[in-house]
Amino acid sequence: MHATPGGAISSPLLRVENVVKHFAVGAGIFGHATVHAVDGVDLAINTGETLGLVGESGCGKSTLGRVIVQLQPATSGHVFFEDVDLTKVRGEKLRRVRQRMQMIFQDPYASLNPRMVVGDIIAEPLRNFGIAKGRAAEKRVQEVMRVCGLNPNFINRYPHEFSGGQRQRIGIARALVLNPNFIVADEPVSALDVSIQAQIVNLMEDLQDRFHLTYLFIAHDLSVVNHMSDRIAVMYLGKIVEVGTTAEVRDKPLHPYTKVLQSSVPIPDPDLEVSRRPILLKGEIPSPVNPPSACRFHTRCPIAQPICSEVEPPLEMKEGGHLAACHFAGKL
Amino acid sequence: MTALSLLRLIPEPGKITNGKILFGDRDVVHMSDDEIREFRGSDVAMIFQDPMTSLNPVLRVGFQIEEAMAAHRRFTRKQAHDRVVPMMQRVRIPAAAQRVRDYPHQFSGGMRQRVMIAMGLSNEPSLLIADEPTTALDVTVQASIIELLRDLNREMGAAVILITHNLAVVASLCQRVIVMYAGRVVEEGPTRSIFKNPQHPYTWSLLRSIPRADERQHEKLLSISGLPPDLSNPPPGCKFHPRCRFRIDKCLTQEPNLDDVGAGQSARCWVLMKNVPAGDMGAQ
């Protein structure tokens, strides 16, 4: 929707450089194993756009989102937000940047404190950052509630008194109260009833227009990602395998994994479904503890060649601003 | 709940207060305990959304499939034992002969769902009820389970009731659709008519509220206002009227019947979408 001409080139708001996030698991007599959740990711997000980050469970997309907003420290690599390296700054300076980047979580049941009233939940960031308190905070909270489609008179109610969709609106209000310009939304609609999902998708689009927000929209559902995003990044087992505009990724996927994903999504049209046949993958997603050599997709790729297990293909420009990490991009 | 009723699996204190469930010409509601036990799993099998919690974690996968057959005594223990590996092959579990001795935790989510389907089909039921069978799975795994259900439906000739909130999966797999809202059937008919020509405003709205993976132009999704009703205190009249943009006065007080609207389709609505002028459809 808001892509600037030329896609990725114009001033990125956020830049991720070679970010790695490893987790140590199961320390025992044989030492410990390492989960390679995010393994060398480069990504740029432009001011005002929505970048969709799509991939299947365990591919590292949520971890990447958390590392970007510094909820978890990166093992190595850099995250630049308006040219400030977030992996280098600490304390007050980090706090100041943090006001401008917020997160919306998947589960509107688990991400709100059940013992706080909605007014306090939404006002907490204002108090934490010393921006407003008392009447001023209350006024700001009611304003944000109205913007998010919540009745401001419900300021003293508890989360359990709200439905799932309304709770997600509370989560969005909390993210919005500090007037951020960048929001990471991690599966914001996947826990909601189908009849409610459109309400939240539309609300996020309206808020983006109104407040010039930049989104990183993380989801496993390609239909929603296609709908929301200006550009899409596809992740497989800790690596970005393809980045392009939504139209490029939808109509001309270059990486075989993207092609498989696109072919797997059913379309709510029985006439089209008669002819759609998914490309089925062999085997199962390998463990991120011991990822395959070179191209991580080679164990399941329908067009893998010997080189794919020997030389790792870099994420490189194929055509226009369309990036893919594949020796045989566009061949499937 | 409807599917649980079909198998008389309604948890206490719920019960079937009225009506009949005919399977062939037998009434499930009035079956004795022995009859219902034989009916479940033997004539009708059910698979659930969550393949993680539906299998016993301390028993081998092969044993659990065998047990499903042994419980219904349609096959001898020996026959049941010999059928396990072929059943696993039938649901396309690779290396079935080795994996028969694995425990559930050694299987991925998609493979566990295949085990559940193998258990369900092991007694050759004539009806398989699949309750959100792909909801907990990744898209690529979902695709393979949909293909499997389609193939098995053809190969084994068992009828399948697919329960899902995912309209795209319905479009992919089903010949007929029943749309339910607040405990009632609000529309039913052939899949193609329901998708091309929905007559109930709920069906119509739902189809316009979901994004499509093949969407080329950005169009705003239609958002259905309000919430699904509280079933302990449902609204009077048509249960959908508080959220319906096409309601008329009658909808507030009188509940419509499920009436034939032509082409094998029926809808429970006083208005019907075919009577709404095209110009009014976009209006909020």
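The following paragraphs examine the structure supplied in this document. Since this is a predicted model, take the numbers as computed values, not measurements.

## Examining the overall build of chain B
When helices and strands are tallied, chain B shows 12 helices and nine strands. Its C-alpha atoms give chain B principal-axis dimensions of roughly 65 × 50 × 35 Å. Taking all 284 residues of chain B together, 36% fall into the buried category. Across chain B, contacts joining residues at least 24 apart in sequence account for 56% of those joining residues at least 6 apart.

## What about the overall build of chain A?
Looking only at helices and strands, chain A features 10 helices and 12 strands. Taking 332 residues into account, the globule formula puts the C-alpha radius of gyration at 20 Å, and chain A, at 21 Å, falls close to it. With respect to the principal axes defined by its C-alpha atoms, chain A has extents near 65 × 55 × 45 Å. Counting every position in chain A, which comprises 332 residues, the buried fraction comes to 48%.

## Considerations on helix 5 (residues 164–176) of chain A
Each α-helix turn comprises 3.6 residues. Residues three or four places apart therefore point the same way. All names here are of chain A. Here helix 5 contains 13 residues, and its C-alpha end-to-end distance of 18 Å stays within 8% of the 18 Å for a straight helix at 1.5 Å per residue. With 12 of 13 residues buried, helix 5 is to be regarded as a mostly interior element. For helix 5, every residue scored as buried is listed here: Gly 165, Gln 166, Arg 167, Gln 168, Arg 169, Ile 170, Gly 171, Ile 172, Ala 173, Arg 174, Ala 175 and Leu 176. Turning to helix 5, the residues buried within the fold contact strand 6 (101–104), helix 3 (118–128), helix 4 (134–147), strand 7 (182–186) and helix 6 (194–211).

## What to know about the sheet that holds strand 5 (residues 159–163) of chain B
Residues and elements named next belong to chain B. Within the open sheet, the three strands sit side by side as 3-4-5. Their pairing is parallel. At either end of the open sheet lies a strand with only one pairing partner, and these are strand 3 (44–47) and strand 5. Averaged over all pairs of adjacent strands, the angle between strand axes in this sheet comes to 15 degrees, irrespective of strand direction. In the sheet, strand 3 pairs with strand 4 (residues 127–131) via four bridges, with the strands oriented parallel. By the bridge assignment, Val 44 is partnered in strand 4 with Leu 127. Strands strand 3 and strand 4 of the sheet are contacted by helix 6 (residues 109–121), whose axis makes an angle of about 170 degrees with strand 3.

## What to know about the sheet that holds strand 9 (residues 231–236) of chain A
Residue and element names in this part refer to chain A. The eight strands lie next to each other as 6-7-8-3-9-10-12-11, forming an open sheet whose pairing is mixed. Across the chains shown, the open sheet's two edge strands, defined by having one partner strand only, are strand 6 and strand 11 (316–319). For this sheet the average axis-to-axis angle between neighbouring strands, irrespective of direction, equals 25 degrees. Sheet topology note: the strand 11/strand 12 (residues 322–324) ladder contains three bridges and is antiparallel. Residue pairing in the sheet places Glu 319 in a bridge with His 322 of strand 12. Helix 1 (residues 61–68) rests against strand 3 (50–54), strand 7, strand 8 (214–219) and strand 9 of the sheet, and its axis sits at about 150 degrees to strand 8.

## Examining the pairing of strand 8 of chain A
All names here are of chain A. Burial analysis of strand 8 places six of its six residues in the buried class, which makes it a mostly covered element. Residues of strand 8 alternate between two faces, with Thr 214, Leu 216 and Ile 218 on one and Tyr 215, Phe 217 and Ala 219 on the opposite face, all of them buried. Here strand 7 runs beside strand 8; their pairing, made up of five bridges, is parallel. Across the sheet, the residue bridging to Phe 182 is Thr 214, located in strand 8.

## Let's talk about the pairing of strand 4 of chain B
Residue and element names in this part refer to chain B. Bridge count for strand 4 against strand 5 is five bridges, and the pairing is parallel. Pairing of Leu 128 across the sheet is with Val 160, part of strand 5. Considered for its hand, the β-α-β crossover made up of strand 4, helix 7 (residues 139–156) and strand 5 is right-handed.

## Let's talk about the interface of chain B and chain A
Each partner contributes residues to the interface: chain B has 34 residues there, and chain A has 31 residues. Of all the secondary-structure elements, those providing two or more residues to the side of chain B that touches chain A are helix 7, helix 8 (167–173), helix 9 (191–196) and helix 10 (201–209) of chain B. With six residues, helix 7 of chain B is the single largest residue contributor to the side of chain B that touches chain A. Of the residues in the side of chain B that touches chain A, the class split is 17 nonpolar, 10 polar and seven charged.

## Quick notes on the packing of helix 3 of chain A against helix 5 of chain A
Residue and element names in this part refer to chain A. Taken N-terminus to C-terminus, the directions of helix 3 and helix 5 make an angle of 30 degrees; their axes are 7 Å apart at the nearest point. Taken together, the axis directions place helix 3 and helix 5 in an arrangement best described as roughly parallel. In the crossing of helix 3 with helix 5, the sense of the turn from one axis to the other is right-handed. Contact residues: Val 118, Ile 121, Ile 122 and Pro 125 in helix 3; Ile 170, Ala 173 and Arg 174 in helix 5. Classifying every residue of the contact of helix 3 with helix 5 gives six nonpolar, no polar and one charged.

## Topic: the nonpolar core
In this structure, Ile 122, Ala 173, Phe 217 and Val 234 of chain A are the most contacted members of the largest nonpolar core, which totals 153 residues. When neighbours within four sequence positions are excluded, Phe 217 of chain A is seen to be in contact with Thr 50, Leu 51, Gly 52, Leu 53, Ala 185, Val 225, Met 228 and Ser 229 of chain A.

## Some thoughts on the packing of helix 3 (residues 61–70) of chain B against helix 6 of chain B
Residue and element names in this part refer to chain B. Contact pair helix 3 / helix 6: the axes reach a minimum separation of 8 Å and the direction vectors enclose 25 degrees. Classified by the interaxial angle, the pair formed by helix 3 and helix 6 is roughly parallel. For the pair helix 3 and helix 6, the crossing hand works out as right-handed. Of the residues in helix 6, those touching helix 3 at Val 61, Gln 64, Ile 65 and Ala 68 are Val 115, Ala 118 and Met 119. Of the residues assigned to the contact of helix 3 with helix 6, the class counts are six nonpolar, one polar and no charged.

Criteria and thresholds
- Residues numbered from 1 in each chain as written.
- Chains lettered and ligands numbered in written order.
- Predicted model: local features only at pLDDT ≥ 70, side-chain atom pairs only at ≥ 80, totals over all residues.
- Helix = DSSP H or I, 4+ residues; strand = E, 2+ residues; numbered from the N terminus.
- Buried ≥ 20, exposed ≤ 12 C-beta atoms within 10 Å, placed from the backbone.
- Contact = placed C-beta atoms within 7 Å.
- Rg over C-alpha atoms; globule rule 2.2 N^0.38 Å.
- Expected span 1.5 Å × (residues − 1).
- Pairing = 2+ DSSP bridges.
- Axes fitted to C-alpha atoms, helices over the stretch in contact; angles between N-to-C directions.
- Right-handed = clockwise from strand over helix to strand, strands pointing away.
- Nonpolar A, V, L, I, M, F, W, Y, C, P; charged D, E, K, R; others polar.
- Parallel < 35°, antiparallel > 145°, perpendicular 65-115°, else oblique.
- Left-handed = near helix turned anticlockwise from the far one by under 90°.
- Core = buried A, V, L, I, M, F, W, Y, C linked by C-beta atoms within 7 Å.

As far as function goes, none of this settles anything; it's purely spatial.
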